[in-house]
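# Reading the structure
If you want the building blocks of each chain, they are given just below.
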Number of protein chains: 12
Amino acid sequence: MKSGKRALVIHGPNLNLLGKREPDIYGSTSLAQINQALKELAETLDLKLSCIQSNHEGELVDLIGEARGHFDGILINPAAFTHTSVAIRDAILACGIPTVEVHLSNIHAREEFRRHSLVAGVCKGQVSGFGLESYLLGLRALTSELFKPKR
Amino acid sequence: MKSGKRALVIHGPNLNLLGKREPDIYGSTSLAQINQALKELAETLDLKLSCIQSNHEGELVDLIGEARGHFDGILINPAAFTHTSVAIRDAILACGIPTVEVHLSNIHAREEFRRHSLVAGVCKGQVSGFGLESYLLGLRALTSELFKPKR
Amino acid sequence: MKSGKRALVIHGPNLNLLGKREPDIYGSTSLAQINQALKELAETLDLKLSCIQSNHEGELVDLIGEARGHFDGILINPAAFTHTSVAIRDAILACGIPTVEVHLSNIHAREEFRRHSLVAGVCKGQVSGFGLESYLLGLRALTSELFKPKR
Amino acid sequence: MKSGKRALVIHGPNLNLLGKREPDIYGSTSLAQINQALKELAETLDLKLSCIQSNHEGELVDLIGEARGHFDGILINPAAFTHTSVAIRDAILACGIPTVEVHLSNIHAREEFRRHSLVAGVCKGQVSGFGLESYLLGLRALTSELFKPKR
Amino acid sequence: MKSGKRALVIHGPNLNLLGKREPDIYGSTSLAQINQALKELAETLDLKLSCIQSNHEGELVDLIGEARGHFDGILINPAAFTHTSVAIRDAILACGIPTVEVHLSNIHAREEFRRHSLVAGVCKGQVSGFGLESYLLGLRALTSELFKPKR
Amino acid sequence: MKSGKRALVIHGPNLNLLGKREPDIYGSTSLAQINQALKELAETLDLKLSCIQSNHEGELVDLIGEARGHFDGILINPAAFTHTSVAIRDAILACGIPTVEVHLSNIHAREEFRRHSLVAGVCKGQVSGFGLESYLLGLRALTSELFKPKR
Amino acid sequence: MKSGKRALVIHGPNLNLLGKREPDIYGSTSLAQINQALKELAETLDLKLSCIQSNHEGELVDLIGEARGHFDGILINPAAFTHTSVAIRDAILACGIPTVEVHLSNIHAREEFRRHSLVAGVCKGQVSGFGLESYLLGLRALTSELFKPKR
Amino acid sequence: MKSGKRALVIHGPNLNLLGKREPDIYGSTSLAQINQALKELAETLDLKLSCIQSNHEGELVDLIGEARGHFDGILINPAAFTHTSVAIRDAILACGIPTVEVHLSNIHAREEFRRHSLVAGVCKGQVSGFGLESYLLGLRALTSELFKPKR
Amino acid sequence: MKSGKRALVIHGPNLNLLGKREPDIYGSTSLAQINQALKELAETLDLKLSCIQSNHEGELVDLIGEARGHFDGILINPAAFTHTSVAIRDAILACGIPTVEVHLSNIHAREEFRRHSLVAGVCKGQVSGFGLESYLLGLRALTSELFKPKR
Amino acid sequence: MKSGKRALVIHGPNLNLLGKREPDIYGSTSLAQINQALKELAETLDLKLSCIQSNHEGELVDLIGEARGHFDGILINPAAFTHTSVAIRDAILACGIPTVEVHLSNIHAREEFRRHSLVAGVCKGQVSGFGLESYLLGLRALTSELFKPKR
Amino acid sequence: MKSGKRALVIHGPNLNLLGKREPDIYGSTSLAQINQALKELAETLDLKLSCIQSNHEGELVDLIGEARGHFDGILINPAAFTHTSVAIRDAILACGIPTVEVHLSNIHAREEFRRHSLVAGVCKGQVSGFGLESYLLGLRALTSELFKPKR
Amino acid sequence: MKSGKRALVIHGPNLNLLGKREPDIYGSTSLAQINQALKELAETLDLKLSCIQSNHEGELVDLIGEARGHFDGILINPAAFTHTSVAIRDAILACGIPTVEVHLSNIHAREEFRRHSLVAGVCKGQVSGFGLESYLLGLRALTSELFKPKR
């Protein structure tokens, strides 16, 4: 029997270039491959997935704001917006849906300005540094959150 | 006799969620109710009002840049962009129209990063902390600016 | 029928010099004119007003501390003390009366050290930048606070 | 036989409101009760006590400046002035009388701006966090200082 | 014989207002005039030019991300985004095309927050302060980069 | 057929108190339960696990230093040492074994001093905020690292 | 009749050297003399005392973690660890026993790096600057905390 | 023939203690001696002098605010208020009378917090470090300002 | 017909080593080659050029101070002095001649301390990052400044 | 009868341009006029004067280092070196001769980077803001220092 | 004839891994080889040496605290503790034995957080950057200190 | 047989005053004595030495820039320039000769601004705090560098 739980996967700016871009940092996996892997895992976790990528902060804010009622959880890689977007922070806060933040690279080992996340403080938690695996672990974390008994 | 003065009311990111979002901070009034209240007050102040909301910084910059010639004043709640948008600051500076900044919550009593406004320095003034009332007071401030004798 | 609500208007240091002092920043209105305008507005708002000015932080702290029981709200322009007085902050906190902070000039557009208010964090909200109008708007904000239905 | 030692107890701004003010931080004891408790303890410690409260930094500076010759030690709760008054710091330094600083609440567990004392560096020591007990311990510390053998 | 080299000229937010906006800082040249001048110079440099302006960070990121394969170099005036956009920085890094940053005004002589460029670190170099001339010099710099012998 | 891969699980200071300590932050799971869950997962991942807890930074440094040759990977929750131990950072760097950092709580949503990790920069990546689940996800991340094809 | 209350006295690093070490800062009293004086006072306060000194942060963390159930309160001079140990802070938080922090010297009058205590924020309060007397006052503070009526 | 020029000499907090207070920093001259020396010099400079000392910031602000019309220049040693009083800064700005700031000690060679003057920026200039001589030189500077030909 | 305009080219410290020094940052062009290229371009721009290099800040200040009357513009690469010399800044300000700052490398992409220029704020503009080309572009910028119609 | 006391007057970088340079800040007096005025005053003060100007930090350091034995005091306007030269600070410290620092403009009212003097901390005192008068007052301060009775 | 002088050589955390660890930073010499080289040099310097390594801050503090009476000097490489241990700083201060700090790598050329030493301020001096040679030079420095004539 | 290796010894500003200057910090040894001691040691190390002192940053930069080809290593005490000279840093980088930095006093135990060396990051290493001995140890370090087998 299906749980009927749905999750929204949001990829932030420049992630459409994955596989072509700085392969020594981000690896050679494409965004399509990530989405494919996520969907395969989602199936085993009894979760329905919608995946979206945008370079527009406003579109991400729109999406998150409209998520309530349509999705039970959000998996987000805010990419560059991690460090600059109060609007995405506020959107996550406002929509009230459990959110998990993921990063392909280990942001704690890069430039100083990448070490602070404006978004992490309103998420359930953060996974960073494991490439494609970050997404898969993040989806597991979100699932475990969605299926855990209420208290 | 009508003055013919027009004002543009701009609501920044996530304000479309008003009433649903963090009611302990922003109250339960919806954006439609705010616009309604503003329009009722505008009528008594002999002012014509256009109201717009967007989660897209670029749209706000477009709007402000095109305001000159169509509007005599701007009432803006930049929301999250208050703290991150140099582009909106520059747009206000460039359009040269008197602008008043308003905030629903008292931004001076919230997180450290919400205490600095990149926008306030190019506005006529700022009203913050009074919920819906902040908008109404801001509109009065703008009106008084628009109708005050030239010097 | 009168509401019987009373408000205390407090003017901080150097505001006795208003009209004589740096007119390009503060305008040419005198303190007496501000008080007169406030009283006229107060009458229409069914509010009784007492106005006081002092250059002494200690007197302001005395006044605020004694306000409870005699006043229902405070309208304060802490002027220079805005940026230096923890004592006034503590007094407002301690007296527990709704307080609104106003500034003639837009403090967010002046010297760096004027951009941080030690007082705003314990006030209901802040109005700054509209000259005499700041006071009138502040009084409206306070009134709306005093007359709003309890929750 | 009486020692003839006298101590001056100084209460800073807003402490006159004690018992009415933010009871979750400062407790429900009034200033009169504190002074009473201090005087009872003083008697057992063979010390004569004068207690004063003022919201005026200038009065506190006057008092400390005149203390030499009339008092052997000072017990001070500078309250809000702890964080802003170089003048009180200078007065304590100038009068040359052993001084003990006390705080009702644990200032190290409150807002960032309350964690730095401009006064502590010129006092013998500091007691903070124990409510009325802070004063009593501070008086014991002062006494032990006043009666300790010269070296 | 034509080289076939193409360059993308990107104008950031509010540059559509050029000529109308703060003429003491940016001069009275319009964006159309700048593009015209650039195209005339490009012709002499054997370069084909596409010019685009947008107030939307997301559109700039889209454009840069799609540039690879269509353009050999980028000339960008990120305007307000210079100081706030990690996304544009990442896009330039990801697309791997030589990029030159230009500014009409001398950003090093303006407000503190305009002195740091998030973008400059991933560009070939920066030209700032010479008005329209900044663009022309920037185009020369880019050309010299595009035509220089590989090493 | 067994892979023969071994991993060392290191729990930092105060984690022995788990289940008893600040349950609103860390949940009610005990350390024994975490180790049990980890071992069960390890079995399914074809990994052999040794688990250790210590409140002594020196012991953790000893352990990590001796890990080479005995373990193929490290899963570490440095707890309080996350923010203060250069020695653990150096040990991880020196031992040269892939290491994954985990945290029960979302350290990015807690006190300022907990937001910087001295250790993360030398780890493969970090998982934080998911309680017991953080450990399980961390173990998966480590496993995927250990079994991934060499390049 | 004995109350049966027990307190743990913890002396941090280098305090074993007391009496030999920098006598102009710490005086000539030895640790044994401090413990003796504490025990004498404890007797009059109807309290049983255990005293321990260690230079090992880990041992202090062990001790505090095990205190619950064996002790009703903790009196701690964290010495150098005051400024560097998040682990001790976490241990105090986790054990949930009322704790009082004491310092022989006035840490607020010493080097900048000694003015911030990582531990004070989780203690009941702090006494600093009175030499041996700091301990005795701290014990009184702790006692008064342990015997005060529950609210 | 007398010029009729009058100057106000203002001594800030704790300067009434001069001669008794920290003689290694401030010397053994009393305030009366300084005033006497100033008056003798004033006579030779054809200037009439009024001297006042107060420990109350509010009194200093009152005095400066009322100076216009009664005095042609101000000589001020703001002492501790140098570093904390925006109110005195504003008063000097508002009264519009040429003001010279003096300090007995070399404030640039003392504690960090004494190196920044909130007042100096609105004064004609500053003399510091020469004891009584600082006042005499300051008076000469003020005189030369008052008698210099208008431009 | 010759314009008779003259420009002074100033090379700061260590630039005499060009071609030998850190070729990966500065390229392999020698200073003589740069001067030669500049002179060739100057001829086409109807400008007379004097080129000088010095490792002595004082010599650069002397040169700039004496430039007025002998030169119409200055092209300067202050090299290491960019970040440390207030004297060169003051000299440029004082001589009142239009000055253009150039850098071989992109200073915005190097060590933190190289990102701030003390000199740029008093120059017309800055060109950085294009090697020899930076000088040529800077000369063009200066020329365009010198020949532009007065306003 | 002559005292035989000699003083060295040192003018720092760019002061040779005085009278030509930024007259709104530094006035129209030339360096020769300042030296003339100083020598006239010196005569009345029974002091012999040598005046020197240099744009070379090294020359100033040479001069100060050789002053001992040839001069009894130094009057220095370090100009731009005020803010950047540890070498001049060390030279003054090393030569052990009483030194007075003067500034034509009020450095406390200019750019942020001009408000800190590396030199003031090792001088007797500082006079700033009075133009030529600053030098004359500085010379009086130095004289009073040289002729004051030894203690 | 033997001098009978003894020195304690202390190696901090992770130095037991020397030779195996990051050879590009620390070289391939093992700790045993360093101790051997030190002992050979010590013999020629007429000094007796004890060498110890520990990863435990507490053990290092114990050792230093017990050194008085058993050793005449200390040669210490605090490694990671250099940057984090106030306890070791206090131990060196308390034991009162001349101490020399050494580092294998040039800590001034590594990560920002390695550039500040909490320990150096209480040592005789510091040698860093020369690998094994740092130890030998440090031992020579210590010897020269131990054998230098008392003053 | 002679190695023919030559080293340049550079003494920075004010070191010509050694022996006369602040003897409690720098000792009573003169520069000539240091050079003599260095030459004696150099002879035993089979090294030829040239020694130079200058107060002129430019001369030091000249010297270092010309060193290549004439010297095999540099021993430098940059004195005050340690903290202010990017030019010397760049010169050392550019000349490419192994350089050792020495300081007479322990710069890590002095004023805050002396604790950061702009030069150390481009040197082989640093020796500080041992007076004349610092030079001798630095020469040994340099020698060991010059004679060590190439890798």
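Residue numbers here run from 1 along each chain, matching the order of that chain's written sequence. For this description, chains carry letters from A and ligands carry numbers from 1, given in the order in which they are written. In keeping with the predicted nature of the model, local features appear solely for residues at pLDDT of at least 70, side-chain atom pairs appear and are counted solely at 80 or more, and the whole-chain, interface and lining totals rest on all residues. Note that the side-chain values use all heavy atoms of the structure and ignore hydrogens as well as water.

### Quick word on the overall build of chain A
Short version of the rule: Secondary structure counts use DSSP, requiring at least four H or I residues in a row for a helix and at least two E residues in a row for a strand, with both numbered from the N terminus. Computation of the radius of gyration draws on C-alpha atoms alone. For the globule rule, the value is 2.2 Å times the number of residues to the power 0.38. Contact definition: two residues touch when any of their heavy atoms are within 4.5 Å.
Helix and strand content of chain A: 5 helices and 5 strands. The helix and strand sequence of chain A, counted from the amino end, reads β-α-α-β-α-β-α-β-β-α. Computed over the C-alpha atoms, the radius of gyration of chain A is 14 Å, within 12% of the 15 Å expected from 2.2 N^0.38 for a compact globule of 151 residues. Referenced to the eigenvectors of the C-alpha coordinate spread, the extents of chain A come out at roughly 45 × 30 × 25 Å. In chain A, 77% of the contacts between residues at least 6 apart in sequence involve partners at least 24 apart.

### As for the interface of chain F and chain A
Selection criterion: The buried area of a pairing is the accessible area, by a 1.4 Å probe, that goes missing from both parts when the two are put together, added over both. By definition here, a salt bridge exists when the distance from a side-chain nitrogen of Lys or Arg to a carboxyl oxygen of Asp or Glu is within 4 Å. N or O atoms within 3.5 Å of each other form a polar contact, as long as, within protein, one can give a hydrogen and the other can take it, and as long as residues adjacent in sequence are counted only when both atoms are side-chain atoms. Throughout this entry, Asp, Glu, Lys and Arg are counted as charged residues, while Ala, Val, Leu, Ile, Met, Phe, Trp, Tyr, Cys and Pro are counted as nonpolar. The remaining residues, Gly among them, count as polar. For two strands to pair, DSSP has to find at least two bridges joining them.
Tallying the contact residues gives 19 residues for chain F and 19 residues for chain A. Looking at the side of chain F facing chain A, the largest losses of area belong to His108, Gln126 and Phe130 of chain F, adding up to 28% of the total buried there. Linking chain F to chain A there are 0 salt bridges. In this assembly, chain F and chain A are joined by 8 residue pairs in polar contact (both at pLDDT 80 or more). Secondary structure elements with two or more residues in the side of chain F that touches chain A: strand 5 (125-128) and helix 5 (132-147) of chain F. Taken together, the residues that form the side of chain F that touches chain A break down as 8 nonpolar, 8 polar and 3 charged. The pairing of strand 5 (residues 125-128) of chain A with strand 5 of chain F spans 3 bridges and is antiparallel. Among the inter-strand pairings, Gln126 of chain A is bridged to a residue of strand 5 of chain F, identified as Ser128 of chain F.

### Digging into the relation of the copies chain K and chain L
Selection criterion: Residues reaching a pLDDT of at least 70 in both copies supply the C-alpha atoms on which the copies are superposed by least squares.
When chain K is fitted onto chain L, the two copies agree to an RMSD of 0.0 Å after a turn of 180° and an axial shift of 0.0 Å. In the structure described here, the two chain copies are related by an operation that fits a two-fold rotation axis. Taking C-alpha positions as the reference, the residue of chain K nearest the rotation axis is Val127 of chain K, at 2.2 Å. Both copies share a contact surface, since 100% of the interface residues of chain K are interface residues in chain L too.

### Examining the arrangement of the chains
With no contact formed, the shortest span from any C-alpha in chain B to any C-alpha in chain G equals 20 Å. At the level of C-alpha atoms, the two units chain A and chain L stay apart, their nearest approach being 20 Å.

### Re the interface of chain K and chain L
Facing 19 residues of chain K, the contacting portion of chain L comprises 19 residues. Between chain K and chain L, roughly 1800 Å² of surface is buried when both sides are summed, and carbon and sulfur atoms account for 58% of that area. When the buried area of chain K at its contact with chain L is split by residue, His108, Gln126 and Phe130 of chain K rank highest and sum to 28% of it. On the surface where chain K and chain L come into contact, there are 0 salt bridges.

### Brief notes about the packing of helix 3 (residues 57-67) of chain H against helix 4 (residues 86-95) of chain H
Residues and elements named next belong to chain H. This is how it is decided: Interaxial angles span 0 to 180 degrees and are taken between N-to-C directions of axes, which are lines fitted to C-alpha atoms, for helices over the stretch in contact. Note on angle classes: values under 35 degrees are labelled roughly parallel, values over 145 roughly antiparallel, values of 65 to 115 roughly perpendicular, and the remainder oblique.
For the pair helix 3 and helix 4, the least separation of the axes is 9 Å and the interaxial angle reads 5°. Here helix 4 runs roughly parallel to helix 3, going by the angle between their axes. Here helix 3 contributes Glu57, Leu60, Val61 and Ile64 to the contact with helix 4, which in turn contributes Ala87, Ile88, Ala91, Ile92 and Cys95. Looking at the contact of helix 3 with helix 4, its residues break down into 8 nonpolar, no polar and 1 charged.

### Quick look at the packing of aromatic side chains
Selection criterion: Each Phe, Tyr or Trp ring (for Trp, its six-membered ring) is paired with any other whose centre lies within 6.5 Å, and the angle between the two planes then decides the class: stacked below 30 degrees, edge-to-face above 60, tilted in between. To sit over a ring, a charge needs its Lys NZ or Arg CZ within 6 Å of the ring centre and within 35 degrees of the ring normal.
Applying the stated criterion across every chain yields a total of 0 aromatic pairs over all chains. Here Lys5 of chain B stacks its cationic end above the ring of Phe147 of chain B, 5.8 Å away from the centre of that ring.

### Details of the pattern of salt bridges
Residue and element names in this part refer to chain B. Cut-off, in case you're wondering: Burial here depends on accessible area, computed with a 1.4 Å probe over protein chains only, as a share of the maximum for the residue type. Under 20% is buried, over 50% is exposed, and the range in between is partly exposed.
Following the criterion strictly, the structure yields 91 salt bridges over all chains and no others. In this structure, the salt-bridge partner of Arg6 is Asp72, at a minimum N-O distance of 4.0 Å. On the criterion of sequence distance, the pair formed by Arg6 in strand 1 (residues 6-11) and Asp72 in the loop between helix 3 (57-67) and strand 3 (73-77) is long-range, its members being 66 residues apart. For Arg6, a relative accessible area of 30% puts it in the partly exposed group. On the basis of relative accessible area, Asp72 is assigned to the partly exposed category, the value being 26%.

### A few points about the sheet that holds strand 3 (residues 73-77) of chain H
The strand order 2(H)-1(H)-3(H)-4(H)-5(H)-5(J)-4(J)-3(J)-1(J)-2(J) describes an open sheet built from 10 strands, whose pairing is mixed. In this open sheet, the two edge strands, each paired with only one partner strand, are strand 2 (48-53) of chain H together with strand 2 (47-53) of chain J. Neighbouring strand axes in the sheet, compared pairwise and without regard to direction, differ in orientation by 20° on average. Pairing between strand 1 (residues 6-11) of chain H and strand 3 of chain H: 5 bridges, direction parallel. Looking across to strand 3 of chain H, one finds that Ile10 of chain H is bridged to Ile76 of chain H. Relative to strand 2 of chain H, helix 2 (residues 31-44) of chain H is tilted by about 165°, and along the sheet it contacts strand 1, strand 2 and strand 3 of chain H.

Treat this as a map of the structure, not an account of what it does.
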